[in-house]
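Descriptive structure summary
Residue-level listing of the chains:
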Amino acid sequence: MTTDVTEKTLVPDVATAAEREAVEPADTAPADRRRTRRRLGPGRPLRYGWALGPGLLLAIWSIGSATGLVDPRNLSEPWTVVTTASDLVADGRLQSHLWASTERALLGLLFGTVAGLALALVSGLSRLGEGVIDGPVQIKRAIPSLALLPLLVLWLGIDESMKITTIALGVFVPVYVHTHNGLRGIDSRYVELAETVRLGRPRFLRDVVLPGALPGFLLGMRFAVTSAWLSLVVVEQVNATSGIGYMMELARTYGQTDVIIVGLVVYGLLGLLSDGLVRWVQRRTLTWRRTLAD
């Protein structure tokens, strides 16, 4: 009796499913899948999507200044900032300070990237190297670079070497962490395959290690360029005689809010452009990956 009831219960379900498949058009399921994919994913890339956020902030700033909701003594109007920037460019002061800041940031970024990449390779490809290097790097990761500033001033003085060293210390940690994570995330089957086909060390590094670590390295570079500009803001306000930070500190002394805002806008644009450059390199070099960003 139980078997008969079970069979009578299941047969209509099977028949119903078969009837649904017969009634539904053949192209309905692919269309549903396409709609589901469009609904679940982030959608198609926007052509100028990177400008939406900054444009919205500028619009809010402009509306607040025009309606009087923002006190110009606390935050200068956008048109006043544009006029001040034009005057600074005409005097040549903005270009001079910008070049000094860019030179410091690039040197610190270069030294920090080289150090972080070298330490990550040694630590990621050797258990002994990891035991020696990873612990001290994690300790440094827990200590902000700016907390070391008083000690660096005592060791290196207040000249350019201290500023570049501070920037490099802020850069090398994200490069190391993400590159090391990329190396340790390489599928062990690729390593076994390389051993099976008897790849030499140089070809192993080129064909397995480099592609495997590249996504992590580029992600670390996005954090590194941001850290470079953040460190630069601080070190240029420590007995500097040039740079955007020095210009802002001098403007603070004289209560020139518009000049301070110009400096902040310049720092923001430099960070946005440098991050965009790294993301452009990511898209060009990681074309073999299919991600939600595509």
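Residues numbered from 1 in each chain as written. Predicted model: local features only at pLDDT ≥ 70, side-chain atom pairs only at ≥ 80, totals over all residues. Heavy atoms only, no water.

The subject of this paragraph is the nonpolar core. Of all hydrophobic cores here, the largest spans 33 residues; its most connected members are Leu 94, Val 171, Met 221, Leu 232 and Ile 244. No other element matches helix α10 (residues 201-235), which puts 9 residues into this core. Excluding residues that lie within four positions of it along the chain, Val 171 makes contacts with Gly 108, Leu 109, Gly 112, Thr 113, Ala 224 and Ala 228. (Core = buried A, V, L, I, M, F, W, Y, C linked by side-chain atoms within 4.5 Å. Buried < 20%, exposed > 50% of the residue type's maximum accessible area, 1.4 Å probe, protein only. Helix = DSSP H or I, 4+ residues; strand = E, 2+ residues; numbered from the N terminus. Contact = heavy atoms within 4.5 Å.)

The tally for this structure, following the rule as stated, stands at 10 salt bridges. For Arg 104, the salt bridge identified is with Glu 236, shortest N-O distance 2.8 Å. Residue Arg 104 is located in helix α5 (residues 93-125), and its partner Glu 236 is located in the loop between α10 and α11 (244-253); the two are separated by 132 residues in the primary sequence. The residues Arg 104 and Glu 236 share a single accessibility class, namely buried. Measuring nitrogen to oxygen at the nearest pair gives 3.3 Å for the salt bridge that ties Asp 207 to Arg 203. Here Arg 203 and Asp 207 lie together in helix α10, a separation of 4 residues that amounts to about one turn. (Salt bridge = Lys/Arg side-chain N within 4 Å of Asp/Glu carboxyl O.)

So, about the packing of helix α6 (residues 127-142) against helix α8 (residues 160-184). Following both chains from N to C, one finds α6 and α8 inclined at 140 degrees, their axes separated by 11 Å at the closest point. With respect to each other, α6 and α8 are oriented oblique. You can see that α6 and α8 cross each other, and the crossing is left-handed. Contacts between α6 and α8 involve Arg 127, Glu 130, Ile 133, Asp 134, Val 137, Gln 138, Lys 140 and Arg 141 on the former and, on the latter, Leu 169, Phe 172, Val 173, Tyr 176, Val 177, His 180 and Arg 184. (Axes fitted to C-alpha atoms, helices over the stretch in contact; angles between N-to-C directions. Parallel < 35°, antiparallel > 145°, perpendicular 65-115°, else oblique. Left-handed = near helix turned anticlockwise from the far one by under 90°.)

With that out of the way, let us pick up α11. Among the residues of α11, those classed as buried are Ile 244, Gly 245, Met 247, Met 248 and Ala 251. Projected onto a plane normal to the axis of α11, the buried residues spread over an arc of 160 degrees and lie on a single side. Where α11 ends, the next residue or the one after it, Gly 255, has phi of about 70 degrees, a positive value. (Arc of directions from axis to C-beta.)

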